[in-house]
Amino acid sequence: MQDLILAIVHHLAVFILIGIFAAEFALIRPGLAGKRLGQLGKLDLAYGAVSGVVIVVGILRVILSNAGWEFYAGNWAFWAKMVAFLVVGLLSVPPTIQILRWSKSLRADAAFTPPDDEIRATRRFVHAEALFLLFIPTFAAMIPRIYGL
């Protein structure tokens, strides 16, 4: 039962994470300002928090699952998924830093609008995140089908 509960929580957290990412993806575009910029800051905070939940529950799944650590340790698809998740995490750092800067500017000036060039640069990272996000469920689907190959 523990294995099932951890799997359910992990999958729900991942779906929530993707939903938050999609909202961020939609908001980061030229013309972002005011209320939308404030929402983006809150979404990015939630993105980080839910990512933490995904990581913690994922670690618990690896350690406490019925398959056992040995199954995952010898599975290249698991490690590929971990690399993809790490790449997504690293790609999310520059947008988060930029969003924090924009939020600070918005608090100082309610009329603040991020420059279009900064939005374009941030969108490039978000697009790259989206690309690598595609690899995570791909490798996740491969994990139970590949062992030690």
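The rules we used
- Every chain's residues receive numbers from 1 upward, in the order its sequence appears when written.
- Per-residue local features of the predicted model are confined to residues with pLDDT of at least 70, and side-chain atom pairs are confined, for both listing and counting, to 80 or more; whole-chain, interface and lining totals are unaffected and use all residues.
- Computation of side-chain values covers all heavy atoms of the structure but excludes hydrogens and water.
- Every angle, taken between N-to-C directions, lies between 0 and 180 degrees, and every axis is a line fitted to C-alpha atoms, over only the stretch in contact when it is a helix.
- To qualify as a helix, a DSSP run of H or I must reach at least 4 residues; to qualify as a strand, a run of E must reach at least 2; elements of each kind are numbered from the N terminus.
- Working definition: roughly parallel below 35 degrees, roughly antiparallel above 145 degrees, roughly perpendicular at 65 to 115 degrees, and oblique for all remaining angles.
- For any helix crossing, the convention is left-handed if the near helix is rotated counterclockwise from the far helix by under a right angle, and right-handed if that rotation is clockwise.
- Under this grouping Gly is polar, as are all residues other than the nonpolar Ala, Val, Leu, Ile, Met, Phe, Trp, Tyr, Cys and Pro and the charged Asp, Glu, Lys and Arg.
- Residues are said to line a cavity or pocket when one of their atoms sits within 4 Å of a point; the points come from a 1 Å grid over protein atoms alone, cavities being sets where a 1.4 Å probe fits but cannot get out and pockets being open sets with protein on both sides within 12 Å along at least five of seven lines.
- Grid points are joined across faces, edges and corners, and a volume is the space filled by probe spheres set on the points.
- Each pair of aromatic rings taken from Phe, Tyr and Trp, with Trp reduced to its six-membered ring, is defined by centres within 6.5 Å and is described as stacked if the planes are under 30 degrees apart, edge-to-face if over 60, and tilted in the remaining cases.
- Relative accessibility under 20% of the residue-type maximum defines a buried residue, over 50% an exposed one, and the middle range a partly exposed one, all with a 1.4 Å probe and only protein chains included.
- Charges are assigned to positions over rings by a cutoff of 6 Å between ring centre and Lys NZ or Arg CZ, combined with an angular limit of 35 degrees from the ring normal.
- Any residue with relative accessible area above 30% and no salt bridge may belong to a patch, with like charges joined within 9 Å and the nonpolar Val, Leu, Ile, Met, Phe, Trp and Tyr side chains within 5 Å.
- All accessibility values rest on the Shrake-Rupley procedure with a 1.4 Å probe; residue burial counts only the protein chains present in the view.
- Here, a salt bridge means any side-chain nitrogen of Lys or Arg that lies within 4 Å of a carboxyl oxygen of Asp or Glu.

*Asks:* Please give an account of the packing of helix 4 (residues 76-108) against helix 5 (residues 116-142) that cites residues and values.
*Replies:* Between two packed helices, the angle of one axis relative to the other and the distance separating the axes together describe the packing. The contact between helix 4 and helix 5 brings their axes to 8 Å, and the two run at 160°. As summarised for this structure, helix 4 and helix 5 are arranged roughly antiparallel, according to the angle between their axes. Both helix 4 and helix 5 take part in a crossing whose hand is left-handed. By residue class, the composition of the contact of helix 4 with helix 5 is 22 nonpolar, three polar and three charged.

*Asks:* Before we move on, could you go through the layout of surface pockets and cite the residues and values that matter?
*Replies:* In this structure, the largest pocket occupies an estimated 830 Å³ of space. Lining of the largest pocket is provided by 30 residues; of these, His-10, Val-14, Val-54, Lys-81 and Ile-136 occupy positions nearest its centre. Mapped onto the lining of the largest pocket, the elements with two or more residues apiece are helix 1 (2-27), helix 2 (34-64), helix 4 and helix 5. Taken together, the residues that form the lining of the largest pocket break down as 21 nonpolar, six polar and three charged.

*Asks:* Can you explain the packing of aromatic side chains? Please cite residues and give values.
*Replies:* Aromatic ring pairs are defined here through the distance separating the ring centres and the angle between the ring planes. The final tally for this structure, using the stated rule, is nine aromatic pairs. Relative to Phe-25, the ring of Phe-21 lies with its centre 6.1 Å away and its plane at 50°, an arrangement referred to as tilted. Of this pair, Phe-21 and Phe-25 both sit in helix 1, four residues apart, which is roughly one turn of the helix. Ring centres of Phe-71 and Tyr-72 lie 5.2 Å apart, and the angle between their planes is 85°; on these two criteria the pair is classed as edge-to-face. Judged by relative accessible area, Tyr-72 falls into the buried class, the value being 11%. Three or more aromatic residues joined by ring pairs form one cluster here, namely Trp-69, Phe-71, Tyr-72, Phe-78 and Trp-79. Its guanidinium or amino end placed over the ring of Phe-25, Arg-123 lies 5.6 Å from that ring's centre, counting from NZ or CZ.

*Asks:* I'd like to hear about the environment of Val-14, residue by residue, with values.
*Replies:* For Val-14, the position within the fold is in helix 1. Through-space distance from the C-alpha of Val-14 to that of Ser-51 is 8.0 Å; in sequence the pair is 37 residues apart.

*Asks:* Before we move on, could you go through a nonpolar patch on the surface and cite the residues and values that matter?
*Replies:* Side chains of Met-1, Leu-4, Ile-5, Ile-8, Val-9, Leu-12, Phe-15, Ile-16 and Val-53 sit close together on the surface and give an oily, nonpolar patch of about 910 Å² of accessible area. Here the nonpolar patch gets seven residues from one element, more than from any other, and that element is helix 1. For Val-9, the position within the fold is in helix 1.

Read these as spatial facts, not as claims about activity.
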